Amino acid sequence: MGKFTAAIVCLLGALQASSGFSPAGRTGTLVVPTSTTSASNTKAFRSPFANTANNKCSSSSSLYMSEGDAAAAQPPKQSFMEKMKSKIPPANERKKLIPLASMFFFILFNYTILRDTKDVLMVTAKGSGAEVIPFIKTYVNLPAAIGFTALYSKLCDKMEQKDVFYACTIPFLFFFAAFAFVIFPNVGWLHPHAFVDKIAMALPEGFGAPLAIVRNWSYAVFYVMAEMWGSVVASLLFWSFANEVTTVDEAKKYYPLFGLGANVALIFSGQYVRFVSALRANLPPGVDPWGMSLKYLMGAVVASGGCLVSIFSYMQRKVMTDPACVDQEKQAARKKKKKVKMGLKESAKFLVSSPYIRDLATLVISYGMCINLVEVSWKSKLKAAYPDPNAYSAFMGNFSSATGSVTLIMMLLGRKIFQKFGWGFAAKVTPMMIGVTGMIFYALTLFAPFFAPIAASLGTTPLMLAVLVGAAQNILSKSAKYSLFDPCKEMAYIPLDQDSKTKGKAAVDVVGNPLGKSGGALIQQFLIFGVGSLAAATPWLAGILAVLLALWFKAVNSLSVQFDEAMAAEES
């Protein structure tokens, strides 16, 4: 046993001599003398391969320091408060991270209210339903997105980036205020119901959804403006500004947790929607409850938007001019650099020619199509369960609060997932979540009679069970998007050169986002025309979802390899 112990000590000594390995022992710290001559308490270590005649190892006691020396060599233990302070970002990083997180909070607060309101308006409108959503996304939202792209390109050519932010954000706020206080109170004579009724009598039943858009045209415009708030203000304007302000190292540290404060907005906005829904019960007779709710909701949107613009103005004056926060030389060089001009054709060409950007766009398009396929089917069930706009709105308020709560938990887990499993696994969580929960929802829809006894044992109906499972599917999918998909997407731009970052993000925003949102809608339209209804198309939707998920996973695997290679090249 003594020989075995001596051999182990010799092996550890050899490892230390060759690679600097120095494990801590139970009685001290292993050391190897650097001198080749004997000292009073220490002998020189010789490799067993160097001289077999003298292949004798020093005793283990001579290779270890005393317990007191080992304790003195170790760093002092930090208290709990010291550990907490060490995790707090330095002052220069806090100066920009806190305002950025606040901006994201107000953007998502507005988007949650707008998203819930647009669904209530359009799904519960006269002659409308969930079937109208695919047609809006394709024939109204997509052209509007393309038109905005052309306008945004011209604004970027003629204005500074900060002025572009103001020019794109403020008109949204004016429209939402005008809708609540001017347009909605006059929809009785603004919406051509009698005219559309005459046309509907001469057309097949399949044209009901397109005619509903014409019939409720102001609701359709509101729907598109609410959708564009998410893609324009959140995806394009905010993240472009965030990538401009933060460094690569800061983005790696804070992007996975960046939405923590922002997703509190989902809880606040959801509860605010619920609060406004409760106010309708106490209104006097003769007052339009939904009209009053819109005024409260859009008033909150305008106030939140004012806070957003004010914080952005503060950052332009106090953060962008601070050398401790933003590199002024790089900022000046960026302003002098010729701007990248890219129209729709150029964006599509660049997207196809770059495998990295093409895979990144595939992720964005796949998410938009997959979530759209499941979400529209769920909303058709939701309308059947809650035909009243007030009840529908209250349910969506609770839904948003639940999404925010689950997302907060996912945000905390997200950083651990990135640290332990890496970018590739983190990017796969969202499609896995959508695939598993989406298939469960479709199973409940397709085999409702089979699940009827189970629903009865739970004290509910198959319809309500499908609504609750669909809600869980949307909550888990959206929380995975906010906590993992969005950080993965933005982190993928980090190792690219400046031109690829600019052109790549422009290509994904111009082509990827609208195509993802309208692609799933277009599929549903063909199925509705082909089989007659969204419910009858459910088996086809489940199969298409499986194909899209396979393409999504393939793009993630490809991009993961390219991302690791690009990061390794950047670090070297």
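Here the structure is a predicted model, which means the values were calculated and not measured.

Draft legend 1. Structural detail: the confidence of the model for the protein chain. Taken residue by residue, the protein chain gives an average pLDDT of 76. The fraction at 70 or more is 75%. Confidence, read as mean pLDDT per element, is least for helix H1 (residues 2–19) in the protein chain (41) and greatest for helix H6 (residues 161–183) (93). Across residues 1–68, where pLDDT falls below 50, the model places 59 contacts with residues more than four positions away in sequence or in other chains.

Draft legend 2. Region of the structure containing the packing of aromatic side chains. Per the stated rule, a full pass over the model turns up 34 aromatic pairs. Ring geometry for Phe109 versus Tyr272: centroids 6.5 Å apart, planes at 45 degrees, classification tilted. You can see Phe109 sitting in helix H4 (residues 91–123) and its partner Tyr272 sitting in helix H11 (residues 248–279), a full 163 residues away along the chain. What makes Phe109 buried here is its relative accessible area of 12%. For Tyr272, a relative accessible area of 22% gives the class partly exposed. Ring geometry for Tyr367 versus Trp552: centroids 6.3 Å apart, planes at 85 degrees, classification edge-to-face. Here Tyr367 is found in helix H15 (residues 355–385), whereas its partner Trp552 is found in helix H20 (residues 538–571), with 185 residues between them in sequence. Linked through ring pairs, Phe172, Phe175, Phe176, Phe179, Phe184, Tyr219, Phe222 and Trp229 together constitute an aromatic cluster.

Draft legend 3. Representation of a nonpolar patch on the surface in the model. A cluster of nonpolar residues, Leu446, Phe447, Phe450, Ile454 and Leu458, forms a patch on the protein surface that exposes about 520 Å² of accessible area. Secondary-structure assignment places Phe447 in the loop between helix H16 (389–446) and helix H17 (448–457).

Draft legend 4. Examining the environment of Leu121 more closely. When you line up the elements, Leu121 lands in helix H4. Overall, the relative accessible area of 3% leaves Leu121 in the buried class. With 169 residues separating them in the primary sequence, Leu121 and Trp290 have C-alpha atoms 9.6 Å apart.

Draft legend 5. Structural detail: the pattern of salt bridges. By the definition in use, this model includes 10 salt bridges. One salt bridge connects Lys379 with Asp119, and the closest N-O pair in it is separated by 2.7 Å. One end of the pair, Lys379, is in helix H15; the other, Asp119, is in helix H4, and 260 residues separate them in sequence. Each member of the pair, Lys379 together with Asp119, is buried. Residue Glu490 pairs with Lys489 through a salt bridge whose shortest N-O separation is 2.9 Å. Considered together, Glu490 and Lys489 belong to a single accessibility category, that of buried residues. A cluster of three or more residues bridged by salt bridges with shared partners is formed by Lys118, Asp119, Lys137, Glu227, Glu375, Lys379 and Lys478.

Rules and cut-offs
- Residues numbered from 1 in each chain as written.
- Predicted model: local features only at pLDDT ≥ 70, side-chain atom pairs only at ≥ 80, totals over all residues.
- Heavy atoms only, no water.
- pLDDT = per-residue confidence, 0-100.
- Helix = DSSP H or I, 4+ residues; strand = E, 2+ residues; numbered from the N terminus.
- Contact = heavy atoms within 4.5 Å.
- Phe/Tyr/Trp six-rings, centres within 6.5 Å; stacked < 30°, edge-to-face > 60°.
- Buried < 20%, exposed > 50% of the residue type's maximum accessible area, 1.4 Å probe, protein only.
- Patch = residues over 30% accessible without salt bridge, like charges linked within 9 Å, V, L, I, M, F, W, Y side chains within 5 Å.
- Areas by Shrake-Rupley, 256 points an atom, 1.4 Å probe, with all protein chains shown as cover.
- Salt bridge = Lys/Arg side-chain N within 4 Å of Asp/Glu carboxyl O.

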